[in-house]
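# Chains, contacts and geometry: an overview
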Amino acid sequence: MTRAVVLGATGQIGRAAVGALARDGWEVTAVSRGGDRDAGLPGDVRVVRADREDDAALSAAVGDGCDVLVDMVAFGEGHARQLVSLAGRVGSAVVISSVSVYEDDKGRNFDTQAEPDGFPRYPVPVTEEQRTVRPGDTSYSTRKAALERELLAAGDRLPVTVLRAGAVHEPYCRTPRELYFVKRNLDGRRRRVLSHGGASRFHPASVHNIAELIRLAAPRPGTRVLNAVDPDAPTVAEIAAAIDAVMGVESEDVLLDGPPAADGVGDTPWTVPVPVVCDMTEARRQLGYRPVVRYAETLPETVAFLEERLAGRDWREAFPKMFRNYGDLFDYAAEDAWLAARQD
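Below you will find a few notes about this structure. (Residues numbered from 1 in each chain as written. Predicted model: local features only at pLDDT ≥ 70, side-chain atom pairs only at ≥ 80, totals over all residues. Heavy atoms only, no water.)

Taken together, Asp-51, Glu-53, Asp-54 and Asp-55 make up a surface patch of like negative charges. Here Asp-51 lies in the loop between β3 (46–49) and α2 (55–62). (Patch = residues over 30% accessible without salt bridge, like charges linked within 9 Å, V, L, I, M, F, W, Y side chains within 5 Å. Areas by Shrake-Rupley, 256 points an atom, 1.4 Å probe, with all protein chains shown as cover. Salt bridge = Lys/Arg side-chain N within 4 Å of Asp/Glu carboxyl O. Lys, Arg positive; Asp, Glu negative; His and termini not counted. Charge placed at Lys NZ, Arg CZ, Asp CG, Glu CD. Helix = DSSP H or I, 4+ residues; strand = E, 2+ residues; numbered from the N terminus.)

Okay, structure coming up:
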């Protein structure tokens, strides 16, 4: 039996990764700030309370050493150096990054998207060879790029698999994009406006597919960067229809050519003006990866999770980070006014 230490073990990806490694025969230490034993954790998983910002606590969690350290919550140069400092006691690492580190050939990226014509025009699909943003500490994307740079530079001391995840989904997500359609259905909204003709594609990434990549990389030390997304990249209209099917409702799509209208009418958390679709060839080639689940197959559990969290609560209370990131997603008055004007 080999030993794995998982940081951020009670988070969305962490739960799935701990389970996948434990089922594969690893002796798993699940590290989180709360140190709580999640009901879904296998009984033989060791649970440790530690804040990854505390170097001594992290060192103690690793103990005499482990074969692989899996890090869900690493950001920036400081965390990269922290991991590299453990190289003598850690055989290899698997670290979660993001597809948001990519930028297009004109330097457009997720940080420039609010500028006129600032949204990146990526190739379809994006491979791991695509250029990335300049590392720094000014944004989520630049911090992830800095994390990657430091880790990859130290690959001779600590072999690391960097997984660039897409739009992570399934239960326990703090910013579930599916919330937009689930809440509308619960509120009885049977017409929805979708900008860009409902054709937006922002590649989702199931926690179970990411966990499968972690499971495959763990016993295969190496320094590599791999995309981590689902086999499907459905359009926003297809996602909405799939959620309708799970909830047993029928909705009418009102398609808006071009960007969202005033007051955000037609915007959704999945909306992008051009496709963001990633290639998984390298994961198949290097790890023999095959996806374990498709996007639509995950929706019943996701919808049930969202319905339970929303029951009797304001959505902003249930998902405060979602509100901070996206603002008021449910301005029905503005939508009704736009629809009424369209009919005049």
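Here the focus is helix α12 (residues 332–343). Its twelve residues place the ends of α12 17 Å apart at the C-alpha level, agreeing with the 16 Å of an ideal helix rising 1.5 Å per residue. For α12, the full list of buried residues reads Tyr-332, Ala-334, Glu-335 and Leu-339. Looking straight down α12, one finds its buried side chains confined to an arc of 160 degrees; they lie on one side. Packing partners of the buried residues in α12 comprise α5 (179–186), β8 (191–194) and β11 (252–255). (Expected span 1.5 Å × (residues − 1). Buried < 20%, exposed > 50% of the residue type's maximum accessible area, 1.4 Å probe, protein only. Arc of directions from axis to C-beta. Contact = heavy atoms within 4.5 Å.)

Once that is clear, we can look at the sheet that holds strand β5 (residues 90–98). Working definition: the strands of a sheet are paired by backbone hydrogen bonds and lie parallel or antiparallel to each other. On the basis of which strands lie adjacent, the open sheet formed by seven strands has the order β3-β2-β1-β4-β5-β6-β10 and parallel pairing. Pairing within the sheet leaves two strands with one partner each, and these edge strands are β3 and β10 (224–228). For this sheet, the mean inter-axis angle between neighbouring strands, taken without regard to orientation, is 20 degrees. Inspection of the sheet shows strand β6 (residues 160–165) paired to β10 by five bridges, in the parallel sense. Paired with Leu-163 across the strands is Leu-226, a residue of β10. Seen against the sheet, helix α1 (residues 12–23) touches β1 (3–7), β2 (27–32), β4 (66–71) and β5 and runs at an angle of roughly 165 degrees to β2. On the sheet, α2 packs against β1, β2, β3, β4 and β5 and is oriented at approximately 150 degrees with respect to β1. (Pairing = 2+ DSSP bridges. Axes fitted to C-alpha atoms, helices over the stretch in contact; angles between N-to-C directions.)

Attention now moves to unusual backbone geometry. Residue Val-124 is joined to Pro-125 through a cis peptide bond whose omega torsion reads 0 degrees. Inspection of the secondary structure assignment puts Pro-125 in the loop between β5 and α4 (140–153). Although it is not a glycine, His-196 adopts a positive phi angle of roughly 55 degrees. Relative to the helices and strands, His-196 resides in the loop between β8 and β9 (204–206). Backbone geometry places Asp-263, a non-glycine residue, at a positive phi of 65 degrees. Of note, Asp-263 is situated in the loop between β11 and α8 (281–287).

The geometry of α5 relative to helix α9 (residues 295–310) is characterised by a closest axis approach of 10 Å and an angle of 60 degrees between their N-to-C directions. Classed by the angle they form, the pair α5 and α9 counts as oblique. Where α5 crosses over α9, the handedness of that crossing is right-handed. Across from Leu-179, Val-182, Lys-183 and Leu-186 in α5, the residues of α9 making contact are Val-303, Leu-306, Glu-307 and Leu-310. (Parallel < 35°, antiparallel > 145°, perpendicular 65-115°, else oblique. Left-handed = near helix turned anticlockwise from the far one by under 90°.)

Attention now goes to the packing of α5 against helix α7 (residues 236–247). α7 packs onto α5 with a crossing angle of 45 degrees between their chain directions and a minimal axis gap of 10 Å. Between α5 and α7, the angle is such that the two are oblique. With respect to the hand of their crossing, α5 and α7 are arranged in right-handed fashion. On α7, the residues that touch Phe-181, Val-182, Asn-185 and Leu-186 of α5 are Val-236, Ile-239, Ala-240, Ile-243, Asp-244 and Met-247. Of the residues that constitute the contact of α5 with α7, the class distribution is eight nonpolar, one polar and one charged. (Nonpolar A, V, L, I, M, F, W, Y, C, P; charged D, E, K, R; others polar.)

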